[in-house]
Amino acid sequence: MLTREEIIKKLGAQDFDKATQDKLLQQLADTVQTRLLEKINEKLSEEDMTHLEKLIEAGKDQEVESYIISKIDNYDSWSAQIEQDTIDELENNRLAIDEQVDGMLKATTPTD
């Protein structure tokens, strides 16, 4: 698991103020959560998902977590990999955008 500082650096946000970094990290957490739910939905049977939805609707957070862990082998490493993949994807997107901007700047900068 990456530290807060490592994530901030990977996202290129080390020069942002703390409030902006916090907002960015919250958006990242939301994105990871969404991806986890999508992957959980892919892994569980329809019956398992129905049961899980009932637990969620009842607000039984501890039981939700326990149920998911019981249904997905190596859940901790599996979910950590999804988190890492999401961070890596965002980092790669940032780097690609940086390269495009650099290329555009070079193309429009006059050379004497």
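Heads up: these notes are all about the structure in this document. (Residues numbered from 1 in each chain as written. Predicted model: local features only at pLDDT ≥ 70, side-chain atom pairs only at ≥ 80, totals over all residues. Heavy atoms only, no water.)

Applying the stated criterion across every chain yields a total of 1 aromatic pair. When the centroid spacing of 5.8 Å and the interplanar angle of 45° are considered together, the rings of Tyr75 and Trp78 count as tilted. In this pair, Tyr75 and Trp78 both sit in helix α5 (residues 75–108), 3 residues apart, roughly one turn of the helix. (Phe/Tyr/Trp six-rings, centres within 6.5 Å; stacked < 30°, edge-to-face > 60°. Helix = DSSP H or I, 4+ residues; strand = E, 2+ residues; numbered from the N terminus.)

This structure, assessed with the given rule, holds 6 salt bridges. Measuring nitrogen to oxygen at the nearest pair gives 3.0 Å for the salt bridge that ties Lys18 to Asp22. Pair noted here: Lys18 and Asp22 are both in helix α2 (residues 18–43), with a separation of 4 residues, about one helical turn. Residue class for Lys18 comes out exposed when judged on its relative accessible area of 54%. For Asp22, a relative accessible area of 32% puts it in the partly exposed group. (Salt bridge = Lys/Arg side-chain N within 4 Å of Asp/Glu carboxyl O. Buried < 20%, exposed > 50% of the residue type's maximum accessible area, 1.4 Å probe, protein only.)

As a further point, take the packing of α2 against α5. Running from N to C, α2 and α5 point in directions that differ by 130°, and their axes come no closer than 10 Å. Classified by the angle their axes make, α2 and α5 are oblique. Once α2 is placed against α5, the crossing between them reads as right-handed. Seen from α2, the contacting residues are Leu28, Thr31, Val32, Arg35, Leu36, Lys39, Ile40 and Lys43; seen from α5, they are Tyr75, Trp78, Ser79, Ile82, Glu83, Thr86, Ile87, Glu89 and Leu90. (Axes fitted to C-alpha atoms, helices over the stretch in contact; angles between N-to-C directions. Parallel < 35°, antiparallel > 145°, perpendicular 65-115°, else oblique. Left-handed = near helix turned anticlockwise from the far one by under 90°. Contact = heavy atoms within 4.5 Å.)

A pair of packed helices is characterised by two quantities: the angle between their axes and the separation of those axes. Contact pair helix α3 (residues 46–57) / helix α4 (residues 61–71): the axes reach a minimum separation of 9 Å and the direction vectors enclose 160°. One element, α3, and the other, α4, form an angle in the roughly antiparallel class. Like other packed secondary-structure pairs, α3 and α4 cross with a definite hand, here left-handed. Contacts from Asp48, His51, Leu52, Leu55 and Ile56 in α3 reach Glu63, Val64, Tyr67, Ile68 and Lys71 in α4.

All right, on to α3 then. The end-to-end C-alpha distance of α3 is 16 Å, a good match for the 16 Å that 12 residues give at a rise of 1.5 Å each. Taken together, the buried positions of α3 are occupied by Asp48, Met49, Leu52 and Leu55. What you see down the axis of α3 is that its buried residues fit within an arc of 120°, all on one side. Counted as exposed and oriented over 90 degrees from the buried face of α3: Glu46, Glu47, Lys54 and Glu57. Immediately beyond the C-terminal end of α3, within one or two residues, lies Gly59, with a positive phi of roughly 75°. (Expected span 1.5 Å × (residues − 1). Arc of directions from axis to C-beta.)

Read these as geometric descriptors, not functional statements.
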